[in-house]
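Coordinate inspection notes
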Amino acid sequence: MILAQAPGSASGMLPTPDVAWSSFAPELVLVVAALLLLMFAITEGRQLLVAIPTGLLAGAAGVWLVTQGRVAPGAVAIALGAATVAIVVGVGERPPLVQAFTAGAAALGALVLSFWQYVAVMAPDGGTATASTLLGGSVAMDGISLFTRITVYLTTLLVIPIGYGYLQDRGVDRPEFEPLLLLSATGMALLGAAADLITLFIALEILSIALYILCGFARRDRRSQESGLKYFLTGSVASAILLYGMALLYVSTGTLDLGAIGTALGLVTTSERVAVLGLALVTAGIGFKIALVPFHLWTPDVYQGAPTNVTAFMAAATKAAGFAAVLRLYLLAFGRLEDLWVPIVAGLAAVTMIYGAVVALVQRDVKRILAFSSIAHAGYATIGVVANSDAGLSGTLWYLLTYAVTTLAAFGCVVAIERRRRGEVALVDLRGLGRTSPALAGILTLALLSLAGIPPTAGFAGKLVVFQAGIAAGFEWLVVIGVVSSVIAAFFYLRLMGMMFLEDPVEGTEVPVVSTGVSFGVAIAAALVIYLGVQPGVLLTLADNAAVLAR
Amino acid sequence: MPIGAYFAVSAILFCVGLTGVILRRNVIVLFMCIELMLNSVNLTFAAAARMWGGADGQVFVFFVIVVAAAEVVVGLALIVNLFFRRGTLDIDAPNLLKW
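Residues numbered from 1 in each chain as written. Chains lettered and ligands numbered in written order. Predicted model: local features only at pLDDT ≥ 70, side-chain atom pairs only at ≥ 80, totals over all residues. Heavy atoms only, no water.

**Regarding the overall build of chain A**
Quick note on the threshold: Each helix is a run of DSSP H or I of at least 4 residues and each strand a run of E of at least 2, with the numbering of both proceeding from the N terminus. Atoms counted for the radius of gyration: C-alpha only. Globule rule: 2.2 Å times residue count to the power 0.38. For the exposure calls, accessible area comes from a 1.4 Å probe over protein chains only, and a residue counts as buried if that area is under 20% of its type's maximum, exposed if over 50%, partly exposed in between. Contacts are assigned to residue pairs with any non-hydrogen atoms lying within 4.5 Å of each other. The accessible surface values rely on the Shrake-Rupley method and a 1.4 Å probe; as for residues, cover is taken only from the protein chains in view.
Within chain A one finds 22 helices and 2 strands. A compact globule built from 551 residues should have a C-alpha radius of gyration of about 24 Å, and chain A, at 23 Å, falls within 12% of that. Dimensions of chain A along its principal axes, counting C-alpha atoms only, are 80 × 60 × 45 Å. Relative to its 551 residues, chain A shows a buried fraction of 64%. Put simply, of all contacts in chain A between residues at least 6 apart along the chain, 80% involve residues at least 24 apart. Carbon together with sulfur atoms contributes 69% to the accessible area of chain A, which is approximately 19,700 Å² in total.

Okay, here's the thing in structure tokens:
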């Protein structure tokens, strides 16, 4: 197909594929920003030489876009070009700040463009939004991809200020951090949009390879090194297993397109046994990425060892992207095999919820506790997948957004507590935090309440929607397990709160360093936790539309 | 040769790789086993593409090769780093993270 002779080739002209660039607008911003940041790193001290041409080019492109009638992306391009020059002129003598601001501006631009896509690309001229595919059907432009973009870019936007200063305190501040973060976010957005197996695999690897490096970023710290290596080895084995599953699906169906696989699985010519084996291997491989028990073994070690801002990014964004791929795979490609996978995935979800909550009880390291809590939360989000319905789909997407803001707030507080210390926050470090720094303890309490699912927080709104979808689909037993698991989890969240507020501080414990960046990121995350809990309207509607759009 | 033979060989290769990953403790050998798994996938895709008469399976093979190369770059860097810091290639040597 791809190598086929096109009519124009006789005259020496290669046919140019028709690419709908507007559909990749947010990703373009991130990739350009990543390249720009690398250029900044190379031209140390002469950043204006790079910034001015880039700013001018972006501005010119923006003006051109505006004259073409694409006002919003043009305005974003002009704003980003101006921001680039302004950042370099304003804080040029402090390279880390330039990096952080540029990356933050890019993430913000990507987020704005995602909303623009929802309004303008999918619903041109004010009509109702419609799903479409691009690049010969390999990239989907629908509700799942859009909502995943929003979650991922919001996470990126908040992680950058939270991480600013943290890496410097640990002495591992290097300019390739932000580019890797942006590229990883690009991979995640693409994973949410992948509509065939090749794109799915490539997107998964873009995000994974960048994350392997980020986990081992503090390379002189043995814990970080161990985290990176473990994630790399387990991750590449999981990728290989996933790939073999994909290969078996191709053997049995003869197509790589997810929709076509779904159709082919219903035909009698398809060898069902091979397809079932492929389904099992794909479940194992993708279950690894979203950390379902029993494929979770890497999660606690990697989350504990990685730099905390990377952990926050992984917990919030990777999960969202992985679940987007899961939704697309199971609801779209494996729809015909639902009798087979629904009970198995339901079982996995049940085990995951209980295991994550129970094992968290006996941990002593705060990051490890949050890692096990993330495992339990993967289980809750899976209820929406198992429900195998529109309500379940939008429930899972919505749950992941609420979980992302909550976990960002929690890890942001851990970043503040961890600074000036050597990468470990044990439970005793939380003792008396309510007296030494009440604001931080208050926000951490809010995040923990949200993780426990207590109203009026985002976590409650998320759990409510997912559990409702589960009950509507007839999975009462699963929802009961989910509630039991939440109660167990609430016990250790409450224990943390008790430590913070009821016990006296340990003598000689350093007071947490709350920098402007951390307070900015954490404050926004905490505000979103409350906002999504009290006023879920707007984004919940978006999630509901996402389900309609995906079908 | 019947097409099934290719699938059988690739399945055996995959199982050899997976067994190696589970049993061996040297990081470099683990790495080689992962490559073996990826190559068994390539063989499956190429054979299946021939069976179905389509090109997309072969295209997938190219992507897998490229991604495997990228993984090697990152993986070897991590392994070299491990060796410099600890002087060993044993996978059980990094053991700070546990409960």
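**A closer look at the packing of helix α1 (residues 25-42) of chain A against helix α2 (residues 47-67) of chain A**
Residue and element names in this part refer to chain A. Selection criterion: Fitted lines through C-alpha atoms give the axes, limited to the stretch in contact for helices. The angle between two N-to-C directions lies from 0 to 180 degrees. Any angle that is under 35 degrees is reported as roughly parallel, and any over 145 degrees as roughly antiparallel; angles of 65 to 115 degrees are reported as roughly perpendicular and all others as oblique. All amino acids are sorted into three groups, where Ala, Val, Leu, Ile, Met, Phe, Trp, Tyr, Cys and Pro are nonpolar, Asp, Glu, Lys and Arg are charged, and the leftover types, Gly among them, are polar.
Running from amino to carboxyl end, α1 crosses α2 at an angle of 155°, the nearest separation of the two axes being 8 Å. With respect to each other, α1 and α2 are oriented roughly antiparallel. Residues L36, M39 and F40 of α1 lie in contact with α2, whose contacting residues are Q47, V50, A51 and T54. Residue composition of the contact of α1 with α2, grouped by class: 5 nonpolar, 2 polar and no charged.

**Focus: the nonpolar core**
Put simply, the rule is: Throughout, nonpolar core names a set of buried Ala, Val, Leu, Ile, Met, Phe, Trp, Tyr and Cys residues whose side chains join them through atoms within 4.5 Å.
Residues Y330(A), F334(A), W341(A), F45(B) and F60(B) are the most contacted members of the largest nonpolar core, which totals 236 residues. Apart from residues no more than four positions distant in its own chain, F45(B) is found in contact with L243(A), M246(A), A247(A), Y250(A), L256(A), G57(B), F60(B) and V61(B). Of all hydrophobic cores here, the second largest spans 5 residues; its members include V19(A), F24(A), L134(A) and A193(A).

**Some remarks on empty space enclosed by the protein**
Residue and element names in this part refer to chain A. Inclusion rule: The definitions used throughout rest on a 1 Å grid laid over the protein atoms alone, on which a cavity is an enclosed set of points accommodating a 1.4 Å probe that cannot get out and a pocket is an open set flanked by protein within 12 Å on both sides along at least five of seven lines; lining residues are those having an atom within 4 Å of a point. Grid points are joined across faces, edges and corners, and a volume is the space filled by probe spheres set on the points.
A full pass over the atoms with the stated rule returns 4 cavities of 30 Å³ or more. Roughly 60 Å³ of volume is contained in the largest cavity. The wall of the largest cavity is formed by T283, I286, G287, I290, L292, V326, Y330, V345, L348 and T382. Looking at the lining of the largest cavity, the elements that each hand over two or more residues are α11 (272-289), α13 (308-333) and α14 (338-360). Looking at which element gives the most residues to the lining of the largest cavity, the answer is α11, with 3 residues. Its residues placed into classes, the lining of the largest cavity shows 7 nonpolar, 3 polar and no charged. Roughly 50 Å³ of volume is contained in the second largest cavity. The wall of the second largest cavity is formed by H377, Y399, T402, Y403, T406, S450, L451, G459 and K463. At the level of elements, α16 (390-418), α18 (438-452) and α19 (458-472) are the ones that each hand at least two residues to the lining of the second largest cavity. Considering each element in turn, the lining of the second largest cavity owes the most residues, 4 residues, to α16. Considered class by class, the residues forming the lining of the second largest cavity number 3 nonpolar, 5 polar and 1 charged.

**Looking at a positive patch on the surface**
Heads up, the rule is: Like charges within 9 Å and nonpolar side chains (Val, Leu, Ile, Met, Phe, Trp, Tyr) within 5 Å are joined into patches, using only residues over 30% in relative accessible area that form no salt bridge. Throughout this description, the term salt bridge denotes a Lys or Arg side-chain nitrogen within 4 Å of a carboxyl oxygen of Asp or Glu. When charges are counted, neither His nor the chain ends are considered; positive counts come from Lys and Arg and negative counts from Asp and Glu. Where a charge lies is defined by one atom per residue type: Lys uses NZ, Arg uses CZ, Asp uses CG and Glu uses CD.
Taken together, R219(A), R220(A), R222(A) and R85(B) make up a surface patch of like positive charges. The residue R219(A) is located in the loop between α8 (197-215) and α9 (222-253) in this model. Exposure remark for R219(A): the relative accessible area of 41% places this residue in the partly exposed category.

**Things to note about the interface of chain B and chain A**
Where we set the bar: Summed over both partners, buried area is the accessible surface (1.4 Å probe) that two parts give up on being assembled. Whenever two N or O atoms come within 3.5 Å, that pair is a polar contact, provided that in protein one can donate a hydrogen and the other can accept it, and provided that, for residues adjacent in sequence, both atoms are side-chain atoms.
Counting residues at the interface gives 46 residues for chain B, matched by 44 residues for chain A. Overall, the association of chain B and chain A removes approximately 4,000 Å² of surface from exposure, summing both partners, and the carbon and sulfur fraction of that is 75%. Inspection of the region where chain B meets chain A yields 0 salt bridges. Summed over the shared surface of chain B and chain A, the number is 9 residue pairs in polar contact (both at pLDDT 80 or more). Secondary structure elements with two or more residues in the side of chain B that touches chain A: α1 (3-23), α2 (27-52) and α3 (56-86) of chain B. Top element by residues in the side of chain B that touches chain A is α3(B). It accounts for 17 residues. Looking at the side of chain B that touches chain A residue by residue, the class counts come to 33 nonpolar, 8 polar and 5 charged.

**Concerning the packing of α1(A) against helix α7 (residues 177-193) of chain A**
Residues and elements named next belong to chain A. To keep it simple, the criterion reads: Handedness of a helix crossing follows the sense of rotation of the near helix relative to the far helix, less than a right angle counterclockwise being left-handed and clockwise being right-handed.
Two elements in contact, α1 and α7, have axes separated by 8 Å at closest approach and are oriented at 160°. In this view, α1 runs roughly antiparallel relative to α7, as classed from their interaxial angle. Every pair of crossing elements has a handedness; the one defined by α1 and α7 is left-handed. Two secondary-structure elements touch here, α1 through E27, L30, V31, A33, A34, L37 and L38 and α7 through E178, P179, L182, L183, A185, T186 and A189. Across the contact of α1 with α7, the residue classes tally to 11 nonpolar, 1 polar and 2 charged.

**Some words on the pattern of salt bridges**
A side chain with one charge may pair with a side chain of the opposite charge, provided their charged atoms come close. All names here are of chain A. For the structure on display, the rule yields 11 salt bridges over all chains. One salt bridge in this structure joins R223 and D221, with 3.9 Å as the shortest N-O distance. Using a relative accessible area of 16% as the deciding quantity, one classes R223 as buried. One salt bridge connects R368 with D301, and the closest N-O pair in it is separated by 3.1 Å. On the criterion of sequence distance, the pair formed by R368 in helix α15 (residues 366-387) and D301 in helix α12 (residues 298-305) is long-range, its members being 67 residues apart. Here the residues in one salt-bridge network are R170, D221, R223 and E418, joined through shared partners.

**Details of the environment of G395(A)**
Summarising the element assignment, G395(A) is placed in helix α16. Those residues in contact with G395(A) that lie beyond four places of it in its chain are V465(A) and V466(A).

**A closer look at the environment of A107(A)**
Residues and elements named next belong to chain A. Secondary-structure assignment places A107 in helix α4 (residues 95-121). A relative accessible area of 0% means that A107 is categorised as buried. As a C-alpha pair, A107 and T199 span 92 residues in sequence and 22 Å in three-dimensional space. Setting aside anything within four residues of it in sequence, one finds A107 in contact with L30, Y153, T156 and L157.

**Quick word on the packing of aromatic side chains**
Counted only if it meets this: Within 6.5 Å between ring centres, the rings of Phe, Tyr and Trp (the latter by its six-membered ring) count as paired, and their orientation is classed by plane angle as stacked under 30 degrees, edge-to-face over 60, tilted in between. A positively charged side chain is recorded as over a ring if its NZ (Lys) or CZ (Arg) lies within 6 Å of the ring centre. The angle to the ring normal must also be within 35 degrees.
A complete count under the given rule lists 18 aromatic pairs over all chains for this structure. Seen in terms of ring centroids, Y250(A) and F45(B) are 5.7 Å apart; in terms of plane orientation they differ by 40°. Their pairing is tilted. In this pair, Y250(A) sits in helix α9 while F45(B) sits in helix α2, so the two residues belong to two different chains. Cluster of aromatic residues (ring-pair linked, three or more members): Y212(A), Y231(A), F232(A), F288(A), W298(A), Y303(A) and F31(B). The aromatic ring of F217(A) is capped on one face by R174(A), whose charged end is 4.7 Å from the ring centroid.

**Quick notes on the confidence of the model for chain A**
For the record, the criterion: Within a predicted model, pLDDT stands for the predictor's per-residue confidence, ranging from 0 to 100.
For chain A, per-residue confidence averages 86 on the pLDDT scale, and 93% of positions sit at 70 or higher. A low-confidence stretch, residues 1-10 of chain A (pLDDT under 50), is modelled with 4 contacts involving residues beyond four sequence positions or located in other chains.

**Some details on unusual backbone geometry**
Residues and elements named next belong to chain A. Look at the link from V293 to P294: it is a cis peptide, with omega at 5°. With respect to the helices, strands and loops of the structure, P294 is situated in the loop between α11 and α12. In this structure, P456 follows P455 across a cis peptide bond, with omega equal to 5°. The residue P456 is located in the loop between α18 and α19 in this model. At A291, a position not held by glycine, the phi torsion is positive, near 60°. By the element assignment, A291 lies in the loop between α11 and α12. Phi is positive for N388, which is not a glycine, with a value near 55°. Assignment of secondary structure puts N388 in the loop between α15 and α16.

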